[in-house]
Amino acid sequence: MAGRDFDKDVYPEPPRRTPADNKQTGLPNPALIASKLFYYSVDLPVTKFRECIDSIQSGKKSVYYHQRFRRVPDLTECEEGNYVCYYEAEMQWRRDYKVDQEIVRVLQERIRACQQREGASAPQNCSKEVQDYDNATKAYMSRYGDLGAYASGRKCLMKQKERMINAQKA
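To start, this report covers the structure provided alongside it. (Residues numbered from 1 in each chain as written. Predicted model: local features only at pLDDT ≥ 70, side-chain atom pairs only at ≥ 80, totals over all residues. Heavy atoms only, no water.)

## Topic: the packing of helix 4 (residues 127-144) against helix 5 (residues 153-169)
Stage number 1. Relative to each other, helix 4 and helix 5 sit at 100 degrees, their axes nearing to 8 Å. It follows from the interaxial angle that helix 4 and helix 5 lie roughly perpendicular. Facing helix 4, whose interface residues are Met141, Ser142, Arg143 and Tyr144, helix 5 presents Cys156, Lys159 and Arg163.
Stage number 2. Of the residues belonging to the contact of helix 4 with helix 5, the class tally is three nonpolar, one polar and three charged. (Axes fitted to C-alpha atoms, helices over the stretch in contact; angles between N-to-C directions. Helix = DSSP H or I, 4+ residues; strand = E, 2+ residues; numbered from the N terminus. Parallel < 35°, antiparallel > 145°, perpendicular 65-115°, else oblique. Contact = heavy atoms within 4.5 Å. Nonpolar A, V, L, I, M, F, W, Y, C, P; charged D, E, K, R; others polar.)

Shown next, in the form of structure tokens:
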């Protein structure tokens, strides 16, 4: 009686079998035909071709975020009027600038992690990280400090030249 203790008017019993699909036509679905036609005529050949090419190139696979640029001459080594060399030197300077920024940022993160880890004894246990950070920021500021928002390789070179002239005077 446990299975029959419900009101049939409120909760009618579900059907015993799932009803069969009632098709309106005997023709196949055109969307299904179009999708199969696209798969076998376009998608499958392109995918197989790509897999073949990837298997050939698998030995020399390079990842875009590990791109290595060759070092190019500095602005001081460019011949006068060689604008391609000027451009390459400027792009090299910008890459170096971003790398130096990331070095300083990573050293900051190391200091924060050391301070978080060491707690109250951070000043004595994190002295190496602080020293590395101080050296990196001094080098960064001597090279890129006071260049302003529109920094460029040419401005940096002029700053270095001015620093050398002041060192010779002193």
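What follows continues from the structure just given.
## Comments concerning the nonpolar core
In a soluble, globular protein the nonpolar side chains are often hidden away together inside.
Stage number 1. The biggest cluster of nonpolar side chains holds 11 residues, and these are Trp93, Val104, Leu107, Ile111, Tyr133, Ala136, Tyr140, Tyr144, Leu147, Ala151 and Cys156.
Stage number 2. Those elements that provide at least two residues to this core are helix 2 (83-118) and helix 4.
Stage number 3. In contact with Val104, not counting residues within four places along its chain, are Tyr133, Ala136, Thr137 and Tyr140. (Core = buried A, V, L, I, M, F, W, Y, C linked by side-chain atoms within 4.5 Å. Buried < 20%, exposed > 50% of the residue type's maximum accessible area, 1.4 Å probe, protein only.)

## Observations regarding helix 4
Stage number 1. Taking 1.5 Å as the rise per residue, helix 4 with 18 residues should run 26 Å; its terminal C-alpha atoms sit 25 Å apart, in good agreement.
Stage number 2. Turning to helix 4, its buried residues number three or more, namely Tyr133, Ala136, Thr137, Tyr140 and Tyr144. Mapping the buried residues of helix 4 onto a view down its axis gives an arc of 100 degrees, with all of them on the same face. What points out from helix 4, more than 90 degrees from its buried face, is the exposed set Lys128 and Lys138.
Stage number 3. For helix 4, the secondary structure elements touched by its buried residues are helix 2 and helix 5.
Stage number 4. The positive-phi residue at the C-terminal boundary of helix 4 is Asp146, with phi of around 65 degrees. (Expected span 1.5 Å × (residues − 1). Arc of directions from axis to C-beta.)

## A short note on the packing of aromatic side chains
Stage number 1. What the rule picks out here adds up to seven aromatic pairs.
Stage number 2. A ring pair is formed by Tyr97 and Tyr144, whose centres lie 4.7 Å apart and whose planes are at 70 degrees; its orientation type is edge-to-face. On the criterion of sequence distance, the pair formed by Tyr97 in helix 2 and Tyr144 in helix 4 is long-range, its members being 47 residues apart.
Stage number 3. A relative accessible area of 22% means that Tyr97 is categorised as partly exposed.
Stage number 4. When its relative accessible area of 6% is taken as the criterion, Tyr144 is described as buried.
Stage number 5. For the pair Tyr140 and Tyr144, a centre-to-centre distance of 5.0 Å together with 50 degrees between the ring planes defines the contact as tilted. Placement of the pair is Tyr140 and Tyr144 together in helix 4, with a separation of four residues, close to one helical turn.
Stage number 6. The exposure class assigned to Tyr140 is buried, which follows from its relative accessible area of 17%.
Stage number 7. Site record: aromatic cluster; members linked through ring pairs are Trp93, Tyr97, Tyr140 and Tyr144.
Stage number 8. Across from the ring centre of Tyr86, 5.5 Å away, lies the NZ or CZ of Arg154, which sits over that ring. (Phe/Tyr/Trp six-rings, centres within 6.5 Å; stacked < 30°, edge-to-face > 60°. Lys NZ or Arg CZ within 6 Å of the ring centre and 35° of its normal.)

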